[in-house]
Amino acid sequence: MSERVAALIVAAGSGTRFGCALPKVFAPLSGRPLLCWSLRAFGTHPEVDEVVVVAATEYAAQARSLCEAELSVPWQVVEGGSERRVSVYNGLAALQSNPPDIVAIHDGARPLVSSEVISDSLRVCRDHGAALAAVGAVDTVKQADPNGLVTATLDRSNIFLAQTPQTFSYRLIFDAHERAAREQCEVTDDAMLLERFGSPVHLSRGESHNLKITMPEDLKLAEWLLQGQNPAPRVGHGYDLHRLVEGRRLVLGGIEIPHTKGLLGHSDADAALHAICDAILGACALGDIGRHFPDTDAAYKDADSRELTRQVVALAREAGWRVGNVDVTIMAQEPKLAPHNAAMREATAAALNVPVEQVSFKATTNEGLDSIGRGEAIAAHAFIVMLPIST
């Protein structure tokens, strides 16, 4: 039977020092609750098979809602206790019916834990049975008495700052928590239990940005660090041109525009939306519109380009990108497009699932020059900014 790994995310604290009405794990970080970042880190890790979240009783429903939205692995939400040790024990006990081999215990207020830190914690646990993510002290460490008088300077080469995850053989840590419950031990983390009961704990890789959110200023630092981890925005350009012919509807920007001629194409030939689609696909390095919706496929005969645009936006989201803003220039000798500008913006914004303020349309003529100037064709240029979904 293959090894099973569970992640236990502790999110039952009240966060009184954080100074907000909700527990801090529900405070927003880059537009998403703090807890979501830990859920994503463990839920997408290739070695994690199950996630248990321990939440305060009155916020268990909110935690379940976040798990449902974020996790594709099996999960459960367990109600916490009056102190951290009790909350962790409740989470471990919830795994008893189908116990994992390894459990990684993580503080839900550490949103920036990396996949590398999780992997190394699992590796050290497999080798030694207990792993503690930690970083070495970089500042000079002083010891002082209760009055603030410095009594010693410690050797910082032997000083490490504990983080999470703290990863253990499930049976080892569950037995330690059962003993701690009987003896009413006071501890500040799970590794401390094993230290107290004589079981060895080994250090695994920690990272300086795996910080714990305790005060509001910590959230600002996390926001800054998170922005530094995100890829830069991407810019895409799209261009499309269609011939004007009689007997076709003229569709531009997702709306039908009265005219004596329409654009010739396999779909509805909306040159503006086609240019936008190519701009999105180009920014995301996903090819072009012809690759995804070939004109040899009968499924796209007379297709509504708004639906094609929605599909392209979905492809971009799967690749981790969302639409920032789009700027379109339509080149047409006629008809006049200014009266239809607002309607084109609204229809296009709906297809892109963005506010209308993020969509711009401009129109120009070619002063009677070339096929566009002669009224034989209409073309469109689109420029788009794509943003990482986490921003």
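Keep in mind the model is a prediction, meaning the values are calculated, not measured.

1. A look at the nonpolar core
The nonpolar side chains of a soluble globular protein tend to be buried with one another.
Logical step 1: Judged by nonpolar contacts, the single largest core of 46 residues is most densely connected at L252, I276, I280, V328, I330, L352 and M386.
Logical step 2: At the level of secondary structure, the elements contributing two or more residues to this core comprise α8 (271-283), α10 (305-318), β16 (321-331), α11 (341-352), β17 (359-364) and β18 (377-388).
Logical step 3: If you tally residues by element for this core, the top one is α8, at 10 residues.
Logical step 4: If we ignore the near neighbours within four places in the chain, the residues touching I276 are V326, V328, T348, L352, A382 and I384.
Logical step 5: One finds V5, I9, L66 and C67 within the second-largest nonpolar core, a separate group that totals 34 residues.

2. Considering the side chain of D268
Logical step 1: Among the structural elements, D268 can be located in the loop between β15 (262-263) and α8.
Logical step 2: Buried charged residue D268 carries no salt bridge. Nearest counter-charge: R249, at 5.0 Å.
Logical step 3: For D268, the side chain forms a polar contact with the side chain of S305, separated by 2.4 Å.
Logical step 4: Residues in contact with D268, not counting those within four places in the same chain, are R248, R249, V251, L263, H274, D302, A303, D304 and S305.

3. Digging into the packing of aromatic side chains
Logical step 1: All told, the structure shown has four aromatic pairs when counted by the stated rule.
Logical step 2: Ring centres of F26 and Y59 lie 5.7 Å apart, and the angle between their planes is 35°; on these two criteria the pair is classed as tilted. Taken together, the residues F26 in the loop between β1 (5-11) and β2 (28-29) and Y59 in the loop between β4 (50-55) and α2 (60-70) connect sequence positions 33 residues apart.
Logical step 3: Residue Y59 is classed as buried on the basis of its relative accessible area, which comes to 17%.
Logical step 4: Centre to centre, the rings of Y89 and F174 are 5.8 Å apart; their planes meet at 10°, and the pair counts as stacked. Taken as a pair, Y89 in helix α3 (residues 84-93) and F174 in helix α5 (residues 170-183) lie far apart in primary sequence, 85 residues in all.
Logical step 5: Looking at Y89, the relative accessible area reads 24%, which means it is partly exposed.
Logical step 6: According to the relative accessible area criterion, F174 is buried, its value standing at 3%.
Logical step 7: In textbook terms, an aromatic cluster arises when at least three aromatic residues are bridged by ring pairs, as seen for Y89, Y170 and F174.
Logical step 8: Positioned above the aromatic ring of W37, the side-chain terminus of R32 is 4.4 Å from the ring centre.

4. Description of the confidence of the model for the protein chain
Logical step 1: Summing up the model confidence of the protein chain, the mean pLDDT is 92 and the portion of residues at 70 or higher is 96%.
Logical step 2: Within the protein chain, helix α7 (residues 216-229) has the poorest average pLDDT of any element, 78, and strand β6 (residues 102-107) the best, 98.

So, how was this worked out
- In this numbering scheme, every chain counts its residues from 1 along its sequence in written order.
- Totals for whole chains, interfaces and linings use all residues, but because this is a predicted model, local features are given only for residues with pLDDT of at least 70 and pairs of side-chain atoms are given and counted only at 80 or more.
- Side-chain figures throughout are based on the complete set of non-hydrogen atoms in the structure, without hydrogens or water.
- Only buried residues count toward a nonpolar core, which is a set of Ala, Val, Leu, Ile, Met, Phe, Trp, Tyr and Cys residues joined through side-chain atoms within 4.5 Å.
- Only protein chains enter the accessibility calculation, which uses a 1.4 Å probe; a residue whose area is less than 20% of its type maximum is buried, one above 50% is exposed, and one in between is partly exposed.
- Per the convention used, a helix needs a DSSP run of H or I reaching at least four residues, while a strand needs a run of E reaching at least two, with both numbered from the N terminus.
- For this analysis, residues touch if any pair of their heavy atoms sits within 4.5 Å.
- This count recognises Lys and Arg as positive and Asp and Glu as negative, with His and chain-terminal groups excluded.
- Here a salt bridge means any side-chain nitrogen of Lys or Arg lying within 4 Å of a carboxyl oxygen belonging to Asp or Glu.
- The definition of a polar contact used here is a pair of N or O atoms within 3.5 Å, where within protein one atom must be able to donate a hydrogen and the other to accept one, and adjacent residues in sequence count solely through side-chain atom pairs.
- Aromatic pairing here means that ring centres of Phe, Tyr or Trp (its six-membered ring) are within 6.5 Å. Orientation follows from the plane angle: under 30 degrees is stacked, over 60 is edge-to-face, and everything else is tilted.
- Criterion for a charge above a ring: Lys NZ or Arg CZ within 6 Å of the ring centre, and within 35 degrees of the ring normal.
- Confidence of the predictor at the level of single residues is captured by pLDDT, which takes values from 0 to 100.

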